[in-house]
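Spelled out from the first residue to the last, the chains are:
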Amino acid sequence: MSFGIFQVPPPANEPVKSYAPGSPEKQALKAAIADMRSRTVDIPMYIGGEKIYTDKKHRLAPPHDHRHTLGYFSVGDKGHVEQAINAALGAKEMWAAMPWEHRAAIFLKAADLIAGPYRAKLNAATMLGQSKNVFQAEIDSACEIIDFLRFNVHFMQEIYRQQVASAPGIWNRLEHRPLEGFIFAVTPFNFTAIAGNLPTAPAMMGNTIVWKPAFTQIYSANVLMEVFREAGVPDGVINLIYVDGPEAGEVVFKHPDFAGLHFTGSTGVFRHLWQTIGNNLPIYKSYPRIVGETGGKDFVVAHKSADAKAVATALVRGAFEYQGQKCSAASRAYIPSNLWEEVKNYMIADLESMRMGGTEDFRNFINAVIDEKAFDKIAGYIEQAKKDAGVELVWGGNCDKSVGYFIQPTILKVEDNQYRTMVEEIFGPVLTVYVYQPELFEEVLELTDQTSPYALTGSIFAQDRYAIELASRKLQNAAGNFYINDKPTGAVVGQQPFGGARASGTNDKAGAIYNLLRWVSTRTIKETFVPPTDYRYPFMAEE
Ligand code: NAD
């Protein structure tokens, strides 16, 4: 029962800590890393408040040091998927009935736990389990997930505030109800923040969740679950299972109470899931909501008037931070010939100064790619490029998986602007450059728009305002997040709502009100205070 119209604390972006030498945060993080490396954890699934262990254990290792064991997680099967669905459905009634300010308080508390006592632990888990350097971890597993939680609570309140007009004698009200059934949250390896956001955003709106993370993110997913439990997420509201994707899908997508998919991952998997849902449509009690943010082939276009150093810096950061494993990573660049030598030399100077290695040594800017499968795929692209005519290896190209899955940042220059590394998502530290004649700028914009099926992020670099205006217009549908004189990565919650169109997803903008609206189904209530008691209307009288 609520006796007040409450106002949630206004959200502000969590400040990024520096981790400079001697800082308390660096000390705390180093201690957390040492502690976590010294132990092996036995990670359970969480179903309805129970910790579930199975005999089938899967080893977890740092991608940059794959012989070291961080721990094991228990792999589940179809039976666990069923249990998780039942737990979610069982928890639904009480959770949905809980006044919204209590749901808000739980997730605001989760944000504060991550900002405070869990910051070092969640960052350390992300650094060790997903091979992110300290800065990449801090902006993901501290700031972004904290922002998601705080801003989403604010947007939840905005949604509940949305009401309608009432004519005299009646009161119209809108209730933004959770969906009937359960939500399936399927999360990728590359962002701890996304792994945390996909189950919590619908849960906040009163839904209950079956959450299936990527196996390579389970080390930090387990810490997130500790936070959620400590924050007071009730048993059964978020159920975390480690079941192979297709096996989990077999159960979830055949369940009549399946109400929504909250997915982030690759385009191929998303398309498959959507098709499966479509085929099973007659089974479901409602039309499931489908939200999916997927792959990218993100571009940087430089105009002849661009600042070469700014272009080079954006490319180096945009293409190689977190080893290019961001859906927003710059992976194809169109550089005019008047700037190419300068841009190239700046990039090479930067790359020569970059250290590659484990995340425990804070001097390393480049770390390992996520696993052997990713390593082999990326190395395959590079090896093929070395052999192909018309491809120049400008920088890098070395790959070594003996200790960790290390791939040197690699720049390719191609003559064929349709060469496969200009078109396909590689999801690794590979940047492909096409050098064009400056007078063909407009044609290059068309090329940028048409070359890839994706439309996630992209940047234009220019000093000439006509060029900026032309690019903004011509590339209107080529990116859901468009940058002018900035790198195409690093979207901030509450500032640059994130998501792309075309093959890149449904563009429901994670961390924005648009996303939360997908997890509610509005009920309109009309109440008449003094109802009519005579069916006759005045027009029915004859004089
Ligand atoms: P992935 O598609 O391999 O896996 C994503 C999730 O789907 C994992 O949990 C995986 O286990 C699950 N999955 C795979 N097959 C399944 C199936 N048949 N049924 C049910 N679940 C299944 O992606 P990934 O390698 O973890 O992440 C990288 C991809 O994610 C890239 O394509 C990247 O562009 C994309 N991504 C997009 C965004 C965005 O906001 N657009 C953000 C991050 C990552």
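Residues numbered from 1 in each chain as written. Predicted model: local features only at pLDDT ≥ 70, side-chain atom pairs only at ≥ 80, totals over all residues. Heavy atoms only, no water.

Colleague: I tried to follow the overall build of the protein chain on my own but got confused; where do I start?
Modeller: What the protein chain contains, in helices and strands, is 16 helices and 23 strands. Residue pairs at least 24 apart in sequence account for 78% of intrachain contacts in the protein chain once pairs closer than 6 positions are excluded. Within the structure as shown, the protein chain displays about 22900 Å² of accessible surface, and the carbon and sulfur contribution to it stands at 53%. Computed over 53 positive and 60 negative side-chain charges, the separation of the two mean positions in the protein chain equals 2 Å. (Helix = DSSP H or I, 4+ residues; strand = E, 2+ residues; numbered from the N terminus. Contact = heavy atoms within 4.5 Å. Areas by Shrake-Rupley, 256 points an atom, 1.4 Å probe, with all protein chains shown as cover. Lys, Arg positive; Asp, Glu negative; His and termini not counted. Charge placed at Lys NZ, Arg CZ, Asp CG, Glu CD.)

Colleague: What should I look at first to understand the site of the ligand in this one?
Modeller: Around the ligand, the structure places 27 residues, and the nearest of them are Thr-187, Lys-212, Ser-266, Thr-294 and Glu-425. For the ligand, an oxygen atom lies 2.8 Å from a polar atom in the side chain of Lys-212. A distance of 2.8 Å separates a nitrogen atom of the ligand from a polar backbone atom of Thr-294. When the ligand is considered free in solution it has 850 Å² of accessible area, and contact with the protein chains removes 86% of it. Of all the secondary-structure elements, those providing two or more residues to the shell around the ligand are helix H8 (245-252), strand S10 (258-264) and helix H9 (267-279). Here the element with the most residues in the shell around the ligand is H9; it accounts for three residues. (Near = heavy atom within 4 Å. Polar contact = N/O pair within 3.5 Å; in protein donor to acceptor, adjacent residues only side chain to side chain.)

Colleague: Any chance you could explain empty space enclosed by the protein here in plain terms?
Modeller: A water-sized probe, rolled over the atoms, reveals where empty space remains. Counted according to the given criterion, the structure contains three cavities of 30 Å³ or more. Estimated volume of the largest cavity: approximately 90 Å³. Lining the largest cavity are 16 residues, and of these Gly-324, Ala-329, Ser-331, Glu-425 and Phe-427 sit closest to its centre. Its volume calculated, the second largest cavity comes out at about 70 Å³. In terms of lining residues, the second largest cavity is bounded by Tyr-46, Gly-48, Gly-49, Met-225, Phe-228, Arg-229, Val-233, Pro-234, Asp-235, Gly-236, Val-237 and Ile-238. For the lining of the second largest cavity, the element with the highest residue contribution is helix H7 (residues 218-231), accounting for three residues. Its residues assigned to classes, the lining of the second largest cavity shows seven nonpolar, three polar and two charged. (1 Å grid on protein atoms, 1.4 Å probe; cavity = no way out; pocket = protein on both sides within 12 Å on 5 of 7 lines; lining within 4 Å. Points joined across faces, edges and corners; volume = space filled by probe spheres on them. Nonpolar A, V, L, I, M, F, W, Y, C, P; charged D, E, K, R; others polar.)

Colleague: What should I look at first to understand helix H2 (residues 78-97) in this one?
Modeller: Working note: α-helix, 3.6 residues per turn, so residues spaced by three or four point in the same direction. For H2, spanning 20 residues, the distance from its first C-alpha to its last is 30 Å, which sits close to the expected 28 Å at 1.5 Å a residue. At Ala-91, H2 shows its largest bend, some 40°. Taken together, the buried positions of H2 are His-80, Val-81, Ala-84, Ile-85, Ala-87, Ala-88, Ala-91, Lys-92 and Trp-95. For H2, the N-terminal cap is Asp-77; the gap from its side-chain oxygen to the backbone nitrogen of Gly-79 is 2.9 Å. (Expected span 1.5 Å × (residues − 1). Bend = angle between axes of the 7 residues up to and from the residue. Buried < 20%, exposed > 50% of the residue type's maximum accessible area, 1.4 Å probe, protein only.)

Colleague: Help me understand the sheet that holds strand S5 (residues 71-74) in this model?
Modeller: Either a parallel or an antiparallel arrangement is found when strands of a sheet pair, and the pairing is made through backbone hydrogen bonds. Read from one edge of the open sheet, three strands run S1-S5-S4, paired in mixed fashion. Sheet topology places strand S1 (41-43) and strand S4 (57-60) at the edges, where each strand pairs with a single neighbour. Within the sheet, the average angular offset between the axes of one strand and its neighbour, ignoring direction, is 25°. With three bridges joining them, S1 and S5 adopt parallel strand pairing. Bridge pairing in S5 links Val-41 to Gly-71. (Pairing = 2+ DSSP bridges. Axes fitted to C-alpha atoms, helices over the stretch in contact; angles between N-to-C directions.)

Colleague: Just checking my understanding: could you explain the layout of surface pockets for this structure?
Modeller: Here the second largest pocket defines a volume of roughly 840 Å³. In terms of lining residues, the second largest pocket is bounded by 26 residues, among which Trp-100, Tyr-160, Gln-163, Leu-174 and Glu-175 are the most central. Elements represented by at least two residues in the lining of the second largest pocket include exactly H2, helix H3 (100-115), helix H5 (134-161) and strand S6 (170-178). Take the lining of the second largest pocket: its biggest share by element is seven residues, from S6.

Colleague: What's the story with the domain arrangement of the protein chain in this structure? I'm lost.
Modeller: Entries for the protein chain in the domain assignment read domain 1 (43-294 + 505-526) and domain 2 (298-484). If you average the C-alpha positions of domain 1 and of domain 2, the two centres end up 32 Å apart. Overall, the association of domain 1 and domain 2 removes approximately 2100 Å² of surface from exposure, summing both partners, and the carbon and sulfur fraction of that is 56%. For domain 1, the biggest contributors to the area lost against domain 2 are His-64, His-66 and Phe-189; these three give 25% of the whole. At the junction of domain 1 and domain 2, the tally comes to zero salt bridges. On the surface where domain 1 and domain 2 come into contact, there are 16 residue pairs in polar contact (both at pLDDT 80 or more). When residues of the side of domain 1 that touches domain 2 are traced back to their parent elements, those giving at least two are helix H4 (119-130) and H5. Along the lines of polarity and charge, the residues of the side of domain 1 that touches domain 2 split into eight nonpolar, 11 polar and four charged. (Domains from an automatic or database assignment. Buried area = accessible area lost by both parts, 1.4 Å probe. Salt bridge = Lys/Arg side-chain N within 4 Å of Asp/Glu carboxyl O.)

Colleague: I would appreciate a short explanation of the packing of helix H6 (residues 192-204) against H7 in the present structure.
Modeller: What describes two packed helices is the angle between their axes and the distance between those same axes. One can describe the packing of H6 onto H7 by two numbers: an axis separation of 10 Å at closest approach and a directional angle of 45°. Relative to H7, the element H6 is oriented oblique. For the pair H6 and H7, the crossing hand works out as right-handed. Where H6 abuts H7, its residues Thr-192, Ala-195, Gly-196 and Thr-200 lie against Ser-220, Leu-224 and Phe-228. (Parallel < 35°, antiparallel > 145°, perpendicular 65-115°, else oblique. Left-handed = near helix turned anticlockwise from the far one by under 90°.)

Colleague: Please explain the nonpolar core as it appears in this structure.
Modeller: In globular proteins that are soluble, nonpolar side chains generally tend to be buried together. If you look at the biggest cluster of nonpolar residues, it comprises 105 residues, and the most contacted ones within it are Trp-211 and Leu-261. Ranked by the residues each element gives to this core, the list is headed by H5, at 14 residues. Those residues in contact with Leu-261 that sit more than four places away from it in its chain are Phe-184, Val-186, Phe-253, Phe-270, Leu-273, Ile-277, Arg-289, Ile-290, Val-291 and Trp-519. By size, the runner-up hydrophobic cluster in this structure holds 42 residues, among which are Ala-214, Phe-299, Val-430 and Ala-479. (Core = buried A, V, L, I, M, F, W, Y, C linked by side-chain atoms within 4.5 Å.)

Colleague: Just to check I follow, could you spell out the pattern of salt bridges for this structure?
Modeller: Taken as a whole, this structure holds 30 salt bridges when the rule is applied. Measuring nitrogen to oxygen at the nearest pair gives 3.4 Å for the salt bridge that ties Lys-57 to Asp-42. Of this pair, Lys-57 sits in strand S4 while Asp-42 sits in strand S1, and the two are 15 residues apart along the sequence. Judged by relative accessible area, Asp-42 falls into the partly exposed class, the value being 42%. Across the pair Arg-150 and Asp-112 runs a salt bridge whose closest N-O atoms are separated by 2.8 Å. Here the residue Arg-150 occupies a position in helix H5, and Asp-112 occupies one in helix H3, the gap between them amounting to 38 residues.

Colleague: Hey, could you run me through the packing of aromatic side chains in this one?
Modeller: Each pair of aromatic rings is reported with the distance of its centres and the angle of its planes. This model, assessed by the stated rule, comprises 16 aromatic pairs. Aromatic pair Phe-151 and Phe-155: ring centres 6.3 Å apart, planes at 40°, arrangement tilted. Taken together, the residues span about one helical turn, with Phe-151 and Phe-155 both in helix H5 at a distance of four residues. Judged by its relative accessible area of 9%, Phe-151 is buried. Phe-155 gets classed as buried once you look at its relative accessible area, which sits at 15%. Taken together, the aromatic side chains of Phe-182, Phe-184, Phe-253, Phe-258 and Tyr-284 make up a single cluster linked through ring pairs. In this structure, Lys-132 is placed above the aromatic ring of Tyr-322, and the distance from its NZ or CZ to the ring centre is 4.4 Å. (Phe/Tyr/Trp six-rings, centres within 6.5 Å; stacked < 30°, edge-to-face > 60°. Lys NZ or Arg CZ within 6 Å of the ring centre and 35° of its normal.)

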